[in-house]
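Listed below, chain by chain, are the residues.
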Amino acid sequence: MEKKYQTALNDLINYLKNSRFLNDKKVEDAFRNIPRHEFVPSSELDYAYYNEPLPIKKNQTISQPAVVSRMTEWLDIKQGQKILEIGTGSGWQTAILSYLVGQGTVYSVEIKSELVKFARENLEKLGVDNVDVILSDGSIGYSKASPYDRIMITAACTEIPLPLLDQLADGGLLIAPVGDSSQSLVLLQKTKKGIVEIKNESHYVFVPLLGKFGKK
Ligand code: SAH
């Protein structure tokens, strides 16, 4: 990695660790191995390692690093798992999930075709080969490859789309931002007793989830 990016990445990681948004060594390794500057448009390269969301295409954003580390850590990814991500965007979060599952697979659904193309190009540059990017409405999930050990929704939901809860494996975890103008990050588990909330943290802002079970 070029020195200017390496320095900026080290500073970002130190900041995330000090502010307790990054605690897990495996997630730190993922941040070091999946360079964020490969996932931003050329106009944003100077800001790639700022702890800020950045514009990509079609009025969408690459997520803020602190949000990506928080969501990834809560989801407690294990090697070999099968993951469903809704809202591929740039593909950066997707690549981090792919790094953590190793031999497992990530299915990532994106509703905007231009972003599907952008994410596929970015993932290809890094030689990521355990990801399937699907052009579709992710609010109905992707039943073909279900059930999933883990599901991550990276766009704001008014409520969690029911098809996604259906497609979660028993014991599986789902994370999503839930709410209208401001959202809470909610971590849910599917148990024998039903869906149980494990964690909840407020004051996040995501772009809205579109589609059939998205924003009306
Ligand atoms: N995590 C991504 C950013 C996600 S932004 C990154 O770091 O780059 C949210 C994404 O969700 C946007 O790309 C948006 O187009 C997509 N999206 C919104 N509604 C969707 C839906 N119903 N199905 C799939 N993708 C959707």
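Rules used throughout
Residues numbered from 1 in each chain as written. Predicted model: local features only at pLDDT ≥ 70, side-chain atom pairs only at ≥ 80, totals over all residues. Heavy atoms only, no water. UniProt positions renumbered as here; feature names shortened; annotations may be inferred. Buried < 20%, exposed > 50% of the residue type's maximum accessible area, 1.4 Å probe, protein only. Helix = DSSP H or I, 4+ residues; strand = E, 2+ residues; numbered from the N terminus. Pairing = 2+ DSSP bridges. Near = heavy atom within 4 Å. Polar contact = N/O pair within 3.5 Å; in protein donor to acceptor, adjacent residues only side chain to side chain. Areas by Shrake-Rupley, 256 points an atom, 1.4 Å probe, with all protein chains shown as cover. Nonpolar A, V, L, I, M, F, W, Y, C, P; charged D, E, K, R; others polar.

You'll find the chain entered in an unreviewed UniProt entry as Protein-L-isoaspartate O-methyltransferase, with Nitrosopumilus ureiphilus given as the organism. Under the UniProt heading Function (unreviewed entry), the note attached to the chain is "Catalyzes the methyl esterification of L-isoaspartyl residues in peptides and proteins that result from spontaneous decomposition of normal L-aspartyl and L-asparaginyl residues. It plays a role in the repair and/or degradation of damaged proteins."

Looking at this structure, how should I read the pairing of strand E6 (residues 148-153)?
Where burial is concerned, most of E6 is hidden: five out of the six residues are buried. Both strand E3 (residues 82-86) and E6 contribute to a ladder of four bridges, which runs parallel. In the strand pairing of E6, Leu84 is matched with Ile151. When E6 meets strand E7 (residues 168-178), the two strands line up parallel, connected through four bridges. Bridge assignment links Met152 to a residue of E7, and that residue is Ile175.

Is there a simple way to think about the site of the ligand in this case?
Around the ligand sit 24 residues, and of these Ser90, Glu110, Asp137, Gly138 and Leu210 come closest. Measuring from an oxygen atom of the ligand, one finds a side-chain N or O atom of Glu110 at 2.6 Å. Note that a nitrogen atom of the ligand is positioned 2.7 Å from one of the backbone N or O atoms of Leu210. Contact with the protein chains covers 99% of the free accessible surface of the ligand, which is 580 Å². Of all the secondary-structure elements, those providing two or more residues to the shell around the ligand are strand E2 (61-62) and strand E4 (105-110). In the shell around the ligand, the residues fall into nine nonpolar, twelve polar and three charged.

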